[in-house]
Amino acid sequence: MNKLIYLDNAATTAVKPEVFEKMKPYFMENYSNPSSVYSFAQDAKAAVDEARDTIANLIGAKSNEIYFTGGGSESDNWALISTAFAKKDKGNHIITSKIEHHAILHTCEYLEKNGFEVTYLDVDENGLISLEELEKAIRPTTILISIMFANNEIGTIEPIKEIGEIAKKHDVLFHTDAVQAFAHIPINVKDMNIDMMSVSGHKFHGPKGIGFMYLRNGVKLGAFVHGGSQERSRRAGTHNVPGIVGMAEAAVIAHKNMDENIKKESEVRDHLINRILDEIPYVRLNGDRVKRLPNNVNCCFRFVEGESLLIMLDQKGVCASSGSACTSGSLDPSHVLLAIGLPHEIAHGSLRLTLSEDTTMEDVDYVVDELKKIIERLRSMSPLYEDFVKENQQ
């Protein structure tokens, strides 16, 4: 295989060289524990403090509202579980959507087993929640609304500011999983009335195993990880100094280049979408065409299995992912695709292609050229497609 085209940037991204260089000293030179009192530890402590200030400034927050965690899933768990138990005297009702990441959905299932009630909002065919239905779902016992900023599979961007306004109006806390959105599109937590926000460093060319939670001052949540005084006694554990430094550096680079990246990625994305829709029959674009992450393309190809599609793309040097959960051993397709109303047989033929700022027009042209051949080959082996063609020729 001579060519490698990586189009799975929603899964993870490459650490940028300048990010890695920024991290290196904290592995072997300034390797001290920032919680230690001796002078050798002060450089590490200063690096953590600077990273906290940097990230806060990027989202319109205060430094003491940023808490470093192990990533997006931990931050999601913290927001939901700690809010639920901190607010249980007020109520036991949580509102979320049917297309959330499993870090939210599985945590909600856990809370339901522990006496909490959860409303799972429907979405429309593009993956957008209804603000009217959200407001109708609020009860006197509602303590939390958790709606993702942008969907990890279909790229749809939710009306976050309006959701925040509704939550504030009803005195309900609002959390958003911004793992796919942060550093890709503008976010200001104050303007958007966000109380809590989850972020993961490896989605924007930072390292894996590090993330943060924005927690608005005045939101009183207990400790999530016990055993130490780190993160103002709310999240115990020795600081991952290289990871924290790297995440902050990656965030700075992403925000510095955000306008340029959005423009470039959107142009490449739209070119990719247009070629797929124009040149391959019986295909559906999933997600909102306009309210969409600049790097996300998600399509369903009828009469094709997503797993076979991924394997054959891999043989051509293309890294992608499928909304079909059959790749993880499940017979069920993506819960997101089912939630937007797709039948199982169509949802199973999904393909997610997620770009980076380094993805070129030549890259996506190669992918579409190969994809056309792969789809034609897979359909030629499908009895369902053969029957469909015969029926439509009559």
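Now for a look at the structure at hand. Everything numeric here is computed off the predicted structure, so don't read it as measured data. (Residues numbered from 1 in each chain as written. Predicted model: local features only at pLDDT ≥ 70, side-chain atom pairs only at ≥ 80, totals over all residues. Heavy atoms only, no water.)

### Some words on the overall build of the chain
When helices and strands are counted, the chain shows 15 helices and 12 strands. The C-alpha radius of gyration computed for the chain amounts to 22 Å, which stays within 12% of the reference 21 Å derived for 394 residues, consistent with globular compactness. When the backbone C-alpha atoms are referred to their principal axes, the chain occupies close to 80 × 55 × 35 Å. When the 394 residues of the chain are sorted by exposure, 56% land in the buried category. Contacts in the chain between residues far apart in sequence, at least 24 positions, make up 72% of those at least 6 positions apart. Separation between the mean location of the 42 positive side-chain charges and that of the 56 negative ones in the chain comes to 3 Å. (Helix = DSSP H or I, 4+ residues; strand = E, 2+ residues; numbered from the N terminus. Rg over C-alpha atoms; globule rule 2.2 N^0.38 Å. Buried < 20%, exposed > 50% of the residue type's maximum accessible area, 1.4 Å probe, protein only. Contact = heavy atoms within 4.5 Å. Lys, Arg positive; Asp, Glu negative; His and termini not counted. Charge placed at Lys NZ, Arg CZ, Asp CG, Glu CD.)

### So, the packing of aromatic side chains
Both the distance between ring centres and the angle between the ring planes are used here to describe each pair of aromatic rings. Overall, the coordinates contain 11 aromatic pairs when judged by the stated rule. With a centroid separation of 6.2 Å and an interplanar angle of 85°, the aromatic rings of Tyr282 and Phe303 are classed as edge-to-face. Taken together, the positions of Tyr282 in the loop between helix 10 (258-279) and strand 9 (283-285) and Phe303 in the loop between strand 10 (296-301) and helix 11 (306-315) put the pair 21 residues apart, joining distant regions of the chain. For Phe303, a relative accessible area of 17% gives the class buried. Aromatic side chains Tyr282 and Phe388 sit 4.9 Å apart centroid to centroid with 85° between the ring planes, which places their arrangement in the edge-to-face category. One end of the pair, Tyr282, is in the loop between helix 10 and strand 9; the other, Phe388, is in helix 15 (residues 383-393), and 106 residues separate them in sequence. Using a relative accessible area of 34% as the deciding quantity, one classes Tyr282 as partly exposed. Aromatic ring contacts, followed pair by pair, group Tyr282, Phe303, Tyr385 and Phe388 into a single cluster. A cation over an aromatic ring shows up here: Arg232 above the ring of Tyr67, its NZ or CZ 4.1 Å from the ring centre. The ring centre of Phe388 lies 5.0 Å from the NZ or CZ of Arg302, which sits over that ring. (Phe/Tyr/Trp six-rings, centres within 6.5 Å; stacked < 30°, edge-to-face > 60°. Lys NZ or Arg CZ within 6 Å of the ring centre and 35° of its normal.)

### Here we look at the pairing of strand 2 (residues 66-69)
Both faces of strand 2 are covered, namely the face carrying Ile66 and Phe68 and the face carrying Tyr67 and Thr69. When strand 2 meets strand 8 (residues 211-215), the two strands line up antiparallel, connected through four bridges. Among the inter-strand pairings, Tyr67 is bridged to a residue of strand 8, identified as Met213. (Pairing = 2+ DSSP bridges.)

### Here we look at the sheet that holds strand 12 (residues 350-354)
As summarised here, the arrangement of the three strands in space is 9-10-12, forming an open sheet in which the pairing is antiparallel. Here the strands that pair on one side only, and so sit at the sheet edges, are strand 9 and strand 12. Neighbouring strand axes in the sheet, compared pairwise and without regard to direction, differ in orientation by 25° on average. The pairing of strand 10 with strand 12 spans five bridges and is antiparallel. Residue pairing for strand 12: Cys299 is matched across the bridge by Leu351. (Axes fitted to C-alpha atoms, helices over the stretch in contact; angles between N-to-C directions.)

### As for the sheet that holds strand 4 (residues 117-121)
Strand order across the open sheet formed by seven strands is 2-8-7-6-5-3-4, with mixed pairing between neighbours. Edge strands, defined here as strands with exactly one partner in the open sheet, are strand 2 and strand 4. Each adjacent strand pair in this sheet contributes to an overall mean axis angle of 20°, direction not counted. Summarising the sheet, strand 6 (residues 173-177) and strand 7 (residues 196-200) pair through three bridges and their orientation is parallel. Within strand 7, the position partnered with Asp177 by the bridge is Ser198. Contacts between helix 5 (residues 102-112) and the sheet are confined to strand 3 (93-97), strand 4, strand 5 (142-146) and strand 6, with strand 4 contributing the most and set at about 150° to the helix.

### Things to note about the pattern of salt bridges
Side chains carrying opposite charge are able to pair once their charged atoms draw close together. Considering all chains together, one arrives at 22 salt bridges under this definition. Residue Arg139 pairs with Glu117 through a salt bridge whose shortest N-O separation is 2.5 Å. Taken together, the residues Arg139 in the loop between helix 6 (131-137) and strand 5 and Glu117 in strand 4 connect sequence positions 22 residues apart. A residue is classified by how much of its surface remains accessible, and Arg139, at 34% relative accessible area, is partly exposed. Through salt bridges with shared partners, one network takes in Arg275, Glu279, Asp365, Asp369 and Lys372. (Salt bridge = Lys/Arg side-chain N within 4 Å of Asp/Glu carboxyl O.)

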